[in-house]
Amino acid sequence: MADMILLGLAIICTAYFMVIVFYAGMGTSFAFIWLFFAALCVFLVYGKWYYRKNMDRIPQWVPVSIVTTCIAGVVIMAALCIMVFMGAAASEERDLDYVIVLGARVKEHTVSNSLKKRLDKAIEYAEKNPETYLVLSGGKGADEPISEAMYQYLVYNGVRPSQLLLEEHSVSTVENLAYSKIIIDSHREVIRHQREERNRLTFQREPKGGYLIAADKPLDVGVLTSNFHVYRACMIAKKWGFENVYGISAQSDPVLFI
């Protein structure tokens, strides 16, 4: 019975991998984990059969180690899933300084379903928080001919161009956050310079006297991505030096949610 369940799981994992490839292309290397799960199930079936045939030659610690490793793997996966769902359920923070909108696959003539859901969420956030800058993060991949598709989609749907910053060099989530930090730091430096120039002109017109310039307030940054991706994206953002990071969840594609 256990063998049939494992073989059934192997077939399901392989079939789902094929669905991902057919439906979304190889936009994410994480899809290969389903082939790993399928191979693992087949290995367990074969290992069980082989152990029954050679019980007298195989030390007891071998099956015990395999079972222990599998149980530990299930526990770790369960813990990771809990953290992923906690990230997806995070409440939306208002009036953030910047929101990094993570890109996704772009089709030949339009945005993909996953990216559309993220951009629609970005439009909703921009309408509620007009002072927040949106950093559109995602470079031009080999199969993505529309490098500014995110920008065009948002502007077409009413978002002010002055509210948008483009990051066009990244090709992965890690690079999304790393390059976005460079964009944000550069933009903050420009704003700081403009503010200092305005202050200088103001103080030239005012009577002489001492004054204090307040330090910049802590930077609040949001990361907007598909709900299942929020936890990982926020962890990467913190790794790259963002201190106050808030996740913003967009609905995920039902086919890809698993």
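For the structure, check the block above.
This text gives an overview of the structure that appears in the document. (Residues numbered from 1 in each chain as written. Predicted model: local features only at pLDDT ≥ 70, side-chain atom pairs only at ≥ 80, totals over all residues. Heavy atoms only, no water.)

## Here we look at the packing of aromatic side chains
And step 1. Applying the stated criterion across every chain, the model contains 8 aromatic pairs.
And step 2. Note on Trp-34 and Phe-37: the rings are 5.8 Å apart at their centroids and 80° apart in plane angle, and the pair reads as edge-to-face. Taken together, the residues span about one helical turn, with Trp-34 and Phe-37 both in helix H2 (residues 33-53) at a distance of 3 residues.
And step 3. Taken together, Tyr-16, Trp-34, Phe-36 and Phe-37 form an aromatic cluster joined through their ring pairs.
And step 4. One residue, Lys-181, lies across the ring of Phe-242, its end atom 5.9 Å from the ring centre. (Phe/Tyr/Trp six-rings, centres within 6.5 Å; stacked < 30°, edge-to-face > 60°. Helix = DSSP H or I, 4+ residues; strand = E, 2+ residues; numbered from the N terminus. Lys NZ or Arg CZ within 6 Å of the ring centre and 35° of its normal.)

## Topic: the nonpolar core
And step 1. Judged by nonpolar contacts, the single largest core of 22 residues is most densely connected at Val-99, Val-101, Leu-119, Leu-134, Leu-136, Leu-154 and Leu-224.
And step 2. Every element with two or more residues in this core is listed here: strand S1 (98-102), helix H4 (113-128), strand S2 (133-137), helix H5 (149-156) and strand S5 (244-250).
And step 3. Tallying contributions element by element places H4 first for this core, with 6 residues.
And step 4. Sequence-distant contacts of Leu-134, defined by excluding residues within four places in its chain, comprise Val-99, Val-101, Ala-122, Ala-126, Leu-154, Gln-163, Leu-164 and Leu-165.
And step 5. Among the nonpolar cores identified, the runner-up in size contains 17 residues, and Leu-102, Leu-177, Cys-234 and Phe-242 belong to it. (Core = buried A, V, L, I, M, F, W, Y, C linked by side-chain atoms within 4.5 Å. Buried < 20%, exposed > 50% of the residue type's maximum accessible area, 1.4 Å probe, protein only. Contact = heavy atoms within 4.5 Å.)

## With respect to H4
And step 1. End to end, H4 covers 23 Å across 16 residues, agreeing with the expected 22 Å (1.5 Å per residue, within 8%).
And step 2. Along H4, the residues that are buried comprise Ser-114, Leu-115, Arg-118, Leu-119, Lys-121, Ala-122, Ile-123, Tyr-125 and Ala-126.
And step 3. Buried residues in H4 make contact with S1, S2, H5, strand S4 (220-226) and S5. (Expected span 1.5 Å × (residues − 1).)

## Side note on the pairing of S4
Moving residue by residue along a regular strand, the side chains alternate between the two faces of the sheet.
And step 1. By the criterion of burial, S4 is predominantly enclosed, with 7 of the 7 residues buried.
And step 2. When S1 meets S4, the two strands line up parallel, connected through 4 bridges. Considered in S4, the bridge of Ile-100 is made with Val-223.
And step 3. Direction of pairing for S4 relative to S5: parallel, over a ladder of 7 bridges. When the sheet's bridge partners are listed, Val-223 is paired in S5 with Gly-247. (Pairing = 2+ DSSP bridges.)

## A look at the packing of helix H1 (residues 2-24) against H2
And step 1. Close contact between H1 and H2 brings their axes to 7 Å; oriented N to C, the two are set at 160°. The pairing of H1 with H2 is recorded here as roughly antiparallel in orientation. Crossing handedness for the pair H1 and H2: left-handed. Here H1 contributes Ala-2, Asp-3, Leu-6, Leu-7, Leu-9, Ala-10, Cys-13, Thr-14, Tyr-16, Phe-17 and Ile-20 to the contact with H2, which in turn contributes Trp-34, Leu-35, Phe-37, Ala-38, Cys-41, Val-42, Leu-44, Val-45, Lys-48 and Arg-52. (Axes fitted to C-alpha atoms, helices over the stretch in contact; angles between N-to-C directions. Parallel < 35°, antiparallel > 145°, perpendicular 65-115°, else oblique. Left-handed = near helix turned anticlockwise from the far one by under 90°.)

## So, the sheet that holds S2
And step 1. Strands sit in the order S3-S2-S1-S4-S5 across an open sheet of 5 strands; the sheet is parallel. Of all the strands in the sheet, just strand S3 (164-167) and S5 have a single pairing partner and so form its edges. Neighbour to neighbour, the strand axes of the sheet diverge by 25° on average, direction disregarded.
And step 2. Sheet analysis places S2 next to S3, joined by 4 bridges and oriented parallel. From the neighbouring strand, Leu-134 faces S3, where its bridge partner is Leu-164.
And step 3. Relative to the sheet, H5 contacts S1, S2 and S3, its axis offset from that of S2 by approximately 145°.

## Description of the layout of surface pockets
Any empty space left between atoms is shown by rolling a water-sized probe over those atoms.
And step 1. In this structure, the second largest pocket spans a volume of roughly 370 Å³.
And step 2. Looking at the second largest pocket, it is lined by 14 residues, and the ones nearest its centre are Leu-44, Gly-47, Lys-48, Pro-63 and Ile-66.
And step 3. Those elements that place two or more of their residues in the lining of the second largest pocket are H1, H2 and helix H3 (61-88).
And step 4. For the lining of the second largest pocket, the element with the highest residue contribution is H2, accounting for 6 residues.
And step 5. Residue composition of the lining of the second largest pocket, by class: 12 nonpolar, 1 polar and 1 charged. (1 Å grid on protein atoms, 1.4 Å probe; cavity = no way out; pocket = protein on both sides within 12 Å on 5 of 7 lines; lining within 4 Å. Points joined across faces, edges and corners; volume = space filled by probe spheres on them. Nonpolar A, V, L, I, M, F, W, Y, C, P; charged D, E, K, R; others polar.)

## A few points about the state of the cysteines
And step 1. If you walk through the whole model with that rule in mind, you get 0 disulfides.
And step 2. Note on Cys-41: no disulfide assigned, nearest cysteine sulfur contributed by Cys-13 at a separation of 5.5 Å. (Disulfide = S-S within 2.5 Å.)

## Quick word on the pattern of salt bridges
And step 1. Counted by the stated rule, this structure contains 7 salt bridges.
And step 2. A cluster of three or more residues bridged by salt bridges with shared partners is formed by Glu-92, Lys-121, Glu-124 and Lys-128. (Salt bridge = Lys/Arg side-chain N within 4 Å of Asp/Glu carboxyl O.)

## Things to note about a nonpolar patch on the surface
And step 1. A surface patch of nonpolar side chains, about 450 Å² in accessible area, is lined by Met-1, Ile-5, Leu-9 and Ile-12.
And step 2. With respect to the helices and strands, Leu-9 occurs in helix H1.
And step 3. Classification of Leu-9 as partly exposed rests on a relative accessible area of 39%. (Patch = residues over 30% accessible without salt bridge, like charges linked within 9 Å, V, L, I, M, F, W, Y side chains within 5 Å. Areas by Shrake-Rupley, 256 points an atom, 1.4 Å probe, with all protein chains shown as cover.)

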